[in-house]
Amino acid sequence: MTWKRFGGPRGRRRLMMATGLGLVGLLVNLFPIPLFSNIQLVLGNALFIFCASRLGYAAVAWCALLTLTGLYISWGHPIIYLTFGLEALFVTAMRRRGWYLLYADLLYWVLIGMPLTALLFATLFDLQREYIAFTVLKQGFNGMLYSAAASVAVLMVPKVWSKGLRQQPVLVREFRHKLSHALVLLTTLMLMVSLLVYTSHLMRAQQTLLFSQMKDNSAQLAGQFDDFLQRHMDALTIAGHWLPDVRVDQRTSLLQLQRQYPDFLRLGVTDDRGVILVDTDPGAPLRSQSAENAAYQSAVRHARPYQSAVYAGGVGGLEPVLVMAAPWYQSDGNLGGMVEATLALSQLHQFNDLDKTQKMVLMDQRGRVISASNGLPLTLLQPAKLYIRKPETGEHAAELSLTQPEIPLPEYFSKSYTMNNDWQLQLLVPYRPAAERAEQQFVLGLGMLLLALVLTSALTRYLSSYLTKPLENLARAIAQPELGERPLPGLPSGSAREILVLREELETQRQAIHAHHEELECKVARRTEELAQANARLEQLAMRDGLTGAFNRRYFEQQFETLRQLCLRAGQPMTLAILDIDHFKSINDLHGHLVGDQCLRAFANTVAEQFGRRNDLLARYGGEEFVLLLPLLDRENAQQQLNALRQRIACTPMAQTDTERALMLTASIGVISVDSQWSDCAQTWLDAADKALYRAKSNGRNQVCFHANLQEPNKNPAVSLENTATPTTGTKGSG
Ligand SMILES: Nc1nc2c(ncn2[C@@H]2O[C@H](COP(=O)(O)OP(=O)(O)OP(=O)(O)O)[C@@H](O)[C@H]2O)c(=O)[nH]1
């Protein structure tokens, strides 16, 4: 056990909490609530069950020890430490595994508590089997009641009370489990309380009825005994009056009287000094009541009837008898003496024998048994040992045992009655049948309780799924990725209003989110479009020449290697041409820069129209110079197409002068058209083409000049360029 856990301030607070709860439990258990039969409620145990919901083993064990000490004081059986102590630890362990207290306790009593209690009772006590079964059931019932009470306390007591003290995990459960537990708890408590109230009320009513019957019966029986004594005394009194007339044969008359009253064991007549004159049994003289007996003397003196105390007499001198006497008078009216009789009392119980359901004990003033029903373990004329468990109170009969003072179950309900002569009549009704009735009702009630629990559990399962299904559907619908597009699914028409409201609220929110989402998407699309356009514009700006729309020099340099690789892969030559407008300066000078710009644009368009293949690339190289990169174009085709271009330029009006004359111009073109492997350096190619251009200019302009058969450009390209240039002359355009 982890007593170390009690270390530190938190541990000390836990110890204080366990001690506080344990002491409350101890106090409550000192006064178990008596219900009926032998059933008592031990609500104090609820305290250690409550403790098990919050604290660990050590704290619960300590709380249980305190609580059970209260029970030990009131019950006196040390085995409670075992059965209930195990219960405390078992419930703590199960709570740790996430069980509800009520279910954990029920499981304990079914699996361990009831079998263990039955075993202990069978071994340690000499009890009837049915009584053991009933006691065991009673323990289980008790367990369920106080664990249900503890569970309610757990629900009711604010969590803040045990804040920081918790050793048990906080359990997050599904709604249906919570609902089911709450309903089972409620049902258990309601049914148990109803069962207890109903059964104890019924039992009390039965006991009240029984007690009132016993009261009547005891009074009636006592009356019969009084009658019995009175009748016999009357017989003697009457005999006292007629005895003088039959003086001749008084003995015969007395024998006749004895025949009429067989309980007179013997009869006799004394004189006024107590000397026996006549005796029905002269062989054994009538016990003298005279001389030393002051009461008898007084009775004689005053001519009053006399009744002795009970003493042993009769056959063998062992039966309880008494002597009664009445005065007799002589014919002159004077007191003659006393008519005496010995009266047998042991058969008085026969008055009660008609009622088989009850027994009786009649005791004299000194508590000695005078007469008792057959079968009772009592000895005549010995003081009766009556172990009365509860005194008679109010309308309840006392509980009485004749055999053992500490027997767990009383043997009889008893009602005592004091007769006129101070004899005690004890009326006894066997306890067992009444207890059996109570037990039957209790077991029946317990069975109904279990049935109700099973039904409640099954019903709440259905009910909770009926309540939670719409919530689960809603949660599932919300979790769907395409939530925004579709409306939330409708709920069954019988759904709770709160859930319907929740659904409506969620649907409104969904629509708002969806609208917002769509708006955002539109915005994003618009922004993306704008961004793409801006990017395209930027791209254009980055790679195009603003005036002519042709690619710029940087773009040309970027694309050069790509297009060269294209030619390499195709094993084709590549052509690079530099186009330079002839005498462009004079156009500027004569017509102004605007016209010059117009010419540049028109020139670029004309070139682009001529070389419109996908991979042809026209870039403005600077001023009025353009570069044409023509992949997959061999020299022959290049020559043909560039000449065609040159002619087309020459006959294409590029702009209008102030005088509305069409402005025509020519261009010189320097070309290099070789295997693409020739050089991987754009500048080398440009230089070679520039050389050719230079020659075109030098040769009179408006012509296409080629360089060819360039073998090792990197070594000395200029030399080979000079040697291999092939000019193609055209008509010189006007400037
Ligand atoms: N309008 C206009 N003129 C430009 C532009 N860029 C360069 N120029 C002009 O182009 C002219 C080029 O003149 P030059 O290099 O002497 O060449 P050219 O007059 O064409 O003579 P050749 O090339 O030898 O036939 C210069 O006068 C520049 O001012 C431009 O963007 N717009």
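- The name an unreviewed UniProt entry gives the protein chain is diguanylate cyclase, with Ferrimonas marina as the organism.
- Taken from UniProt, the Cofactor (unreviewed entry) comment for the protein chain reads in full: "Mg(2+)".

## Details of unusual backbone geometry
Logical step 1: A positive phi is found at Ala303, a non-glycine position, where the angle reads about 50°.
Logical step 2: As for its position among the elements, Ala303 is in the loop between helix H9 (294-301) and strand S5 (306-307).
Logical step 3: Residue classification places Ala303 among the partly exposed positions, given a relative accessible area of 26%.
Logical step 4: Its identity as a non-glycine residue notwithstanding, Asp422 has a phi of 70°, on the positive side.
Logical step 5: Position of Asp422 among the secondary structure elements: in the loop between strand S13 (412-418) and strand S14 (424-430).

## Thoughts on a nonpolar patch on the surface
Logical step 1: On the surface, a nonpolar cluster with roughly 410 Å² of combined accessible area is contributed by Leu82, Leu86, Val110, Leu111 and Ile112.
Logical step 2: Secondary-structure elements contributing two or more residues to the nonpolar patch are helix H4 (79-96) and helix H5 (101-124).
Logical step 3: Looking at the nonpolar patch element by element, the count peaks at three residues for H5.
Logical step 4: Its location among the elements puts Leu82 in helix H4.
Logical step 5: According to the relative accessible area criterion, Leu82 is partly exposed, its value standing at 40%.

## Things to note about the site of the ligand
Logical step 1: Near the ligand, the surroundings consist of 16 residues, among which His583, Phe584, Asn588, Asp597 and Arg701 are the closest.
Logical step 2: Within the backbone of Lys585, an N or O atom sits 2.9 Å from an oxygen atom of the ligand.
Logical step 3: Contact between the ligand and Arg620: an oxygen atom at 2.8 Å from a side-chain N or O atom of the residue.
Logical step 4: Protein burial of the ligand: of its 650 Å² of free accessible surface, 67% is covered by the chains.
Logical step 5: Those elements giving two or more residues to the shell around the ligand turn out to be strand S15 (573-581), helix H13 (584-591) and helix H14 (593-610).

## Digging into the pairing of strand S20 (residues 667-675)
Logical step 1: For S20, the buried fraction is high: eight of the nine residues fall into the buried class.
Logical step 2: Judged from the nine bridges that link them, S15 and S20 form a sheet pairing that is antiparallel. Residue pairing across strands places Met574 opposite Val674, the latter belonging to S20.
Logical step 3: Pairing of S20 with strand S21 (residues 703-707), which is carried by four bridges, proceeds in the parallel orientation. Bridged to Val671 within S21 is Phe706.

## Things to note about the pattern of salt bridges
Logical step 1: By the definition in use, this model includes 13 salt bridges.
Logical step 2: A salt bridge links Arg613 to Asp616; the shortest N-O distance between them is 2.7 Å.
Logical step 3: Of the residues examined, Arg613 reaches a relative accessible area of 38% and is grouped as partly exposed.
Logical step 4: Salt bridges here are not isolated pairs; linked through shared partners, they connect Asp580, Asp582 and Lys697.

## Here's the deal with the environment of Ala104
Logical step 1: Position of Ala104 among the secondary structure elements: in helix H5.
Logical step 2: Residues Ala104 and Met144 lie 40 residues apart in sequence; the distance between their C-alpha atoms is 9.8 Å.
Logical step 3: Among all residues touching Ala104, those that are not within four sequence positions of it are Phe90, Val91, Met94 and Trp99.

## Description of the nonpolar core
Logical step 1: In terms of nonpolar packing, the biggest core is built from 44 residues, with Phe264, Leu345, Leu362 and Trp423 touching the most fellow members.
Logical step 2: Every element with two or more residues in this core is listed here: helix H7 (175-242), helix H8 (250-260), strand S3 (264-271), strand S7 (319-329), strand S8 (335-344), strand S9 (359-363), S14 and helix H10 (431-479).
Logical step 3: When residues in this core are grouped by element, the largest group, twelve residues, is from H7.
Logical step 4: With near-sequence residues (within four places) excluded, Phe264 lies in contact with His232, Ala235, Leu236, Gln258, Met324, Ala341, Thr342 and Leu343.
Logical step 5: Core analysis: the second largest hydrophobic core is formed by 34 residues, Ala52, Ala64, Phe90 and Ala104 among them.

## Quick word on the packing of aromatic side chains
Logical step 1: Scanning the model with the defined rule gives 16 aromatic pairs in all.
Logical step 2: When the ring of Tyr72 is compared with that of Tyr81, the centres are 5.7 Å apart and the planes differ by 40°; the resulting orientation is tilted.
Logical step 3: Ring pairs connect the aromatic residues Phe84, Phe90, Tyr108 and Trp109, which therefore count as one cluster.
Logical step 4: A cation over an aromatic ring shows up here: Arg544 above the ring of Phe551, its NZ or CZ 3.7 Å from the ring centre.
Logical step 5: Geometry around Tyr621 places Arg553 over its ring, the cationic atom sitting 4.1 Å from the centre.

## Focus: the pairing of strand S4 (residues 276-279)
Logical step 1: Bridge analysis of S3 against S4 gives three bridges, and the strand direction is antiparallel. From the neighbouring strand, Thr270 faces S4, where its bridge partner is Ile276.
Logical step 2: Between S3 and S4, which pair antiparallel in sequence order, lie four residues; one of them, Gly274, sits at a positive phi of approximately 95°.

## Quick word on the side chain of Arg266
Logical step 1: Structurally, the position occupied by Arg266 is in strand S3.
Logical step 2: By relative accessible area, Arg266 is classed as buried at 12%.
Logical step 3: Separated by 2.9 Å, the side chains of Arg266 and Asp279 make a polar contact.

What counts, and where the lines are drawn
- Residues numbered from 1 in each chain as written.
- Predicted model: local features only at pLDDT ≥ 70, side-chain atom pairs only at ≥ 80, totals over all residues.
- Heavy atoms only, no water.
- UniProt positions renumbered as here; feature names shortened; annotations may be inferred.
- Helix = DSSP H or I, 4+ residues; strand = E, 2+ residues; numbered from the N terminus.
- Buried < 20%, exposed > 50% of the residue type's maximum accessible area, 1.4 Å probe, protein only.
- Patch = residues over 30% accessible without salt bridge, like charges linked within 9 Å, V, L, I, M, F, W, Y side chains within 5 Å.
- Areas by Shrake-Rupley, 256 points an atom, 1.4 Å probe, with all protein chains shown as cover.
- Salt bridge = Lys/Arg side-chain N within 4 Å of Asp/Glu carboxyl O.
- Near = heavy atom within 4 Å.
- Polar contact = N/O pair within 3.5 Å; in protein donor to acceptor, adjacent residues only side chain to side chain.
- Pairing = 2+ DSSP bridges.
- Contact = heavy atoms within 4.5 Å.
- Core = buried A, V, L, I, M, F, W, Y, C linked by side-chain atoms within 4.5 Å.
- Phe/Tyr/Trp six-rings, centres within 6.5 Å; stacked < 30°, edge-to-face > 60°.
- Lys NZ or Arg CZ within 6 Å of the ring centre and 35° of its normal.

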